[in-house]
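Structural overview
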Amino acid sequence: MRFSRRHLSLFALGFGLTVVKGVCAAETPKGDPKSLGRVAILPFLDLSGERQEDRGEFRETALAEVEERMRKYEIQYVTREEMTRALASLKIVPTDEEDRTKAKLQLLADHLKSRYVVTGTIIDAKSEFRRNNGFQPPKANQAKVQFRVYDAVSQRYAEDMEDVATSTARGNAFQRSNKLRVKAVRDATKKSMERLLKPFPKVHEDDPDD
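Heads up: these notes are all about the structure in this document. In this text the structure is predicted, and so the values were computed from the model without any measurement.

Describing unusual backbone geometry
You will see that Lys-91, though not glycine, has its phi angle at about 60°, which is positive. Locating Lys-91 in the fold gives a position in the loop between helix H3 (80-90) and helix H4 (102-112). One non-glycine residue, Lys-113, lies in the positive phi region at around 55°. Note that Lys-113 resides in the loop between H4 and strand S3 (116-129). For Lys-113, a relative accessible area of 73% puts it in the exposed group.

Looking at the nonpolar core
Core analysis: the biggest nonpolar cluster contains 31 residues, and Leu-36, Val-66, Met-70, Ile-75, Val-118, Phe-147 and Leu-196 have the highest contact counts within it. Broken down by secondary-structure element, the contributors of at least two residues to this core are helix H2 (52-72), S3, strand S4 (139-151), helix H5 (177-192) and helix H6 (194-197). Setting aside its immediate chain neighbours within four residues, Val-118 contacts Val-39, Ala-40, Ile-41, Leu-42, Val-66, Met-70, Phe-147, Arg-148 and Val-149. Counting 15 residues, the second-largest nonpolar core is a separate cluster that includes Met-83, Leu-87, Leu-105 and Leu-112.

Cut-offs applied
- Counting starts from 1 at the beginning of each chain's written sequence and moves along it residue by residue.
- Where totals are concerned, whole chains, interfaces and linings use all residues; where local detail is concerned, this predicted model gives features only for residues with pLDDT of at least 70, and gives and counts side-chain atom pairs only at 80 or more.
- Water and hydrogen atoms play no part in the side-chain values, which are based on all heavy atoms of the structure.
- Runs of H or I in DSSP of at least four residues are treated as helices and runs of E of at least two as strands, each being numbered from the N terminus.
- Remark: exposure states derive from per-residue accessible area (1.4 Å probe, protein chains only) relative to the maximum for the residue type, with buried under 20%, exposed over 50%, and partly exposed in between.
- Buried Ala, Val, Leu, Ile, Met, Phe, Trp, Tyr and Cys residues form a nonpolar core when they are joined through side-chain atoms within 4.5 Å.
- Should any heavy atoms of two residues lie within 4.5 Å, those residues are considered in contact.

Here is the structure:
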């Protein structure tokens, strides 16, 4: 089968456009995490209503997950030690809801020379049994987390970076509810950060068990 010179030219043009389109799609640029500067992480507030010991564990879980996400994307953040000193100097109590005003967040950002202060609220963390046809009903441990980002330049919350996420950790009746709730808090925190992290490349992949 012979092709005319016109057919060959059209074929080459179409092939070239396909290749160019594929290259463009493959090379879609990602944002530079350095554009965020050094992010300040204010420990989460826990309004779940659980026992004090559990609330402390939930807050630690959420904080550790935020730090882990930052490391995966190589986003610089203020260390816990420096944050603790800053909070003490400014007389800000991270577990006090009244100390989370925009004015206080602005003071914290100015003190740490950070544009963004990220924080959040553990809205709920609960366990419930769901009946099924088996001998033991499974446990459904749910957590709801709100992730917030304060922008000290605009002096308002950056709503396009924020989200509220819910996660469920399931187990059998013999597993400790608190451990499953902790897992649900961790997973919900991770999901709630997706809008903040979406523009940036993930440098380090998650572990298989994450």
